[in-house]
Amino acid sequence: MIEAEVHLSLHNFLRSQVGFPTWPHHLTMARLVARAFRLGRSALIQVGALCGYQGRYRTSFIASALMWPGPVIIVALPEIQQRLVKIEIPLLQQWLGTTKSIRIGDVWPNPYFQGLLLTSPESWLKEQLSNQHVGFPTHIPTIIDGVDDLEDWVRNQLTQNLEPQDWDQLMWACPQQADLIREVRVKLTHELFQHPENPYHCYLICQREIEILQTLFSSLNPDHLPAIWRSFQACFYNAINNSVAPVGLTSSLFWATVARRQGLFYLHCAPVELATKLAPIWERQPVVLIGSALEPETEAPLFRQRLGLVDITCLKFSSENHGEAIQIYVPHKLPLPNTPEFQASFIHQVRTLICLSATALGLTVVLVGDVPLKSRVAAILAADFGSRVQVEKTCLDDNGILVSGWEFWRSHQSVLPAPQLLIIATLPLPSLENPLVAGRVAYYKRSHQDWFRLYLLPTALSELQRALAPVRESQGIVALLDSRVVNRSYGSQILACLSPRARLDYLDPSLFSSHTPENY
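In this text, all values refer to a predicted model and were calculated from it rather than measured experimentally.

**Q** Please set out the domain arrangement of the protein chain residue by residue, giving values where relevant.
**A** Segmenting the protein chain into domains produces domain 1 (2-141 + 285-316), domain 2 (159-271) and domain 3 (326-512). Relative placement of domain 1 and domain 3: their C-alpha centres are 32 Å apart. Counting from both sides, the interface comprises eleven residues of domain 1 and, opposite them, 16 residues of domain 3. Taken as a group, Tyr-53, Ala-293 and Leu-302 account for 46% of the area that domain 1 buries against domain 3, more than any other trio of residues on that side.

**Q** Please set out empty space enclosed by the protein residue by residue, giving values where relevant.
**A** For the structure on display, the rule yields two cavities of 30 Å³ or more. Taken as a whole, the second largest cavity holds about 30 Å³ of empty space. As for the second largest cavity, its lining consists of Leu-32, Arg-35, Ala-36, Leu-39, Arg-41, Ser-42, Ala-43 and Thr-313. Among the elements that line the lining of the second largest cavity, the one with the most residues is helix H2 (residues 26-39), at four residues. In terms of residue class, the lining of the second largest cavity is made up of four nonpolar, two polar and two charged.

**Q** Account for the pattern of salt bridges, naming residues and giving values.
**A** When their charged atoms lie close together, side chains carrying opposite charge are able to pair. One pass over the structure, following the stated rule, counts 15 salt bridges. One salt bridge connects Glu-191 with Arg-208, and the closest N-O pair in it is separated by 3.8 Å. Within this pair, whereas Glu-191 is found in helix H9 (residues 178-192), its partner Arg-208 is found in helix H10 (residues 207-219), the two being separated by 17 residues in sequence. On the basis of relative accessibility, which here comes to 22%, the residue Glu-191 falls in the partly exposed class. Where Glu-392 meets Lys-374, a salt bridge forms, and the shortest distance between an N and an O atom there is 2.9 Å. A residue pair is termed long-range when its members are at least 10 positions apart, and Glu-392 in the loop between strand E14 (389-391) and strand E15 (401-404) and Lys-374 in helix H15 (residues 371-385) qualify at 18 residues. The class of Glu-392 is partly exposed, set by a relative accessible area of 28%. Owing to a relative accessible area of 14%, Lys-374 belongs among the buried residues under this scheme.

**Q** Summarise the packing of H2 against helix H4 (residues 58-67); cite the residues concerned and give the values.
**A** Relative to each other, H2 and H4 sit at 40°, their axes nearing to 8 Å. Along this stretch, H2 crosses H4, giving a crossing that reads as right-handed. Listed contacts from H4 to His-26, Met-29, Ala-30, Val-33, Ala-34 and Phe-37 of H2 are Thr-59, Ser-60, Phe-61, Ser-64 and Ala-65. For the contact of H2 with H4, the per-class residue count stands at seven nonpolar, four polar and no charged.

Conventions we followed
Residues numbered from 1 in each chain as written. Predicted model: local features only at pLDDT ≥ 70, side-chain atom pairs only at ≥ 80, totals over all residues. Heavy atoms only, no water. Domains from an automatic or database assignment. Contact = heavy atoms within 4.5 Å. Buried area = accessible area lost by both parts, 1.4 Å probe. 1 Å grid on protein atoms, 1.4 Å probe; cavity = no way out; pocket = protein on both sides within 12 Å on 5 of 7 lines; lining within 4 Å. Points joined across faces, edges and corners; volume = space filled by probe spheres on them. Helix = DSSP H or I, 4+ residues; strand = E, 2+ residues; numbered from the N terminus. Nonpolar A, V, L, I, M, F, W, Y, C, P; charged D, E, K, R; others polar. Salt bridge = Lys/Arg side-chain N within 4 Å of Asp/Glu carboxyl O. Buried < 20%, exposed > 50% of the residue type's maximum accessible area, 1.4 Å probe, protein only. Axes fitted to C-alpha atoms, helices over the stretch in contact; angles between N-to-C directions. Left-handed = near helix turned anticlockwise from the far one by under 90°.

What follows is the structure, given as structure tokens:
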């Protein structure tokens, strides 16, 4: 069987490579991928946060893809594609002696192609979510790498956007209604700019704004609309026609992004629920989905529910490895994040930690999700530590202090040195002050579902594990300064998902004298 062939070949390859990055689960993963191809049965694999950050697991699925006798599709981000075609694939091809054709592209090369096609999530999803299905043949075994971000990829692909220039195109296409279009645009601008400013610069569309759009669409001939307007109108009416909510919007999120300085706004529409759209995709071909830290459970029930994954083999590799252990400082008596006392207490803790770590060389990262607090912390630390402090920059001193939000850290941690100290202000629970988060929470509430357990907490756990992965590589220290970890019932779940770790509730001057955790 193909599993045995892959196992033997990969085993011999790994033994022959001096200094090759080790990972104890290479053979198991390679066999599972090969089995998924042979049986035509999809699989979901969680490789662990550190392995996902380092990317060591990719050797396993590349070996299976190269040895599979038929064609294979690998869906990965462009930067990952380049690493695969320049490093991973040539090394394995030379050892295995395979001559499988390798292509990078947005569509299937030709009907007779039997090689390995690397494509982007955007290209693959665009084709799979369309009604055409001509870009990629069905029944081709497919590997999707990095599915921790799959929901965002899908939602971005399904989002309909109207930009300022699209209004001009609408007037050109419907010149007889130009005055009405202009009037609607002015009214929408007035209504949207009445919303109070927030750090996210976006707002859910309210009932008054819906009525303005309804007036516009009811006056236009659908046959005359530009393609982008037809798509947006279809999304708009689909949400209204399937809704039971007073404001008329449950199945979709409608929101506007406002650029106040430019006096412009952008309209967006996206579905809240993705499972219905995605379920048919998983039936067209066997798919191996690979993520780092999706859920604490092997079966990843919430992730599968959100993405419509039903009949699928699940595997999660253990991270209980002494080499991945970190020390986590979680103090007992800090004020809760939503209290007035939190800010001063947090800044005091940050100053203390940075001073204690002064003798330890390496990067210090301060993760602050709250935008105003992030600016204040950066200003105070810059006054104390000067040019060492940078806000969301990648050019840093050897002992630099990076003040960052969660999104920047997640996007750039692969190009930054692993920190010796990571300070976390608050848990990365999606903020209800963000209108898009509030809209999704409202959807769960209307569906009588537990929005915290199904949405906020899983999102925070996954974000937290991925953020800590570089610290595991350097065996650094994490300071988690959100007292909800101690005072809330879900705190035990958070600490459990951060294993292997040693928890500290005090600060000691010798804490940074050695980075080797003991007594696990």
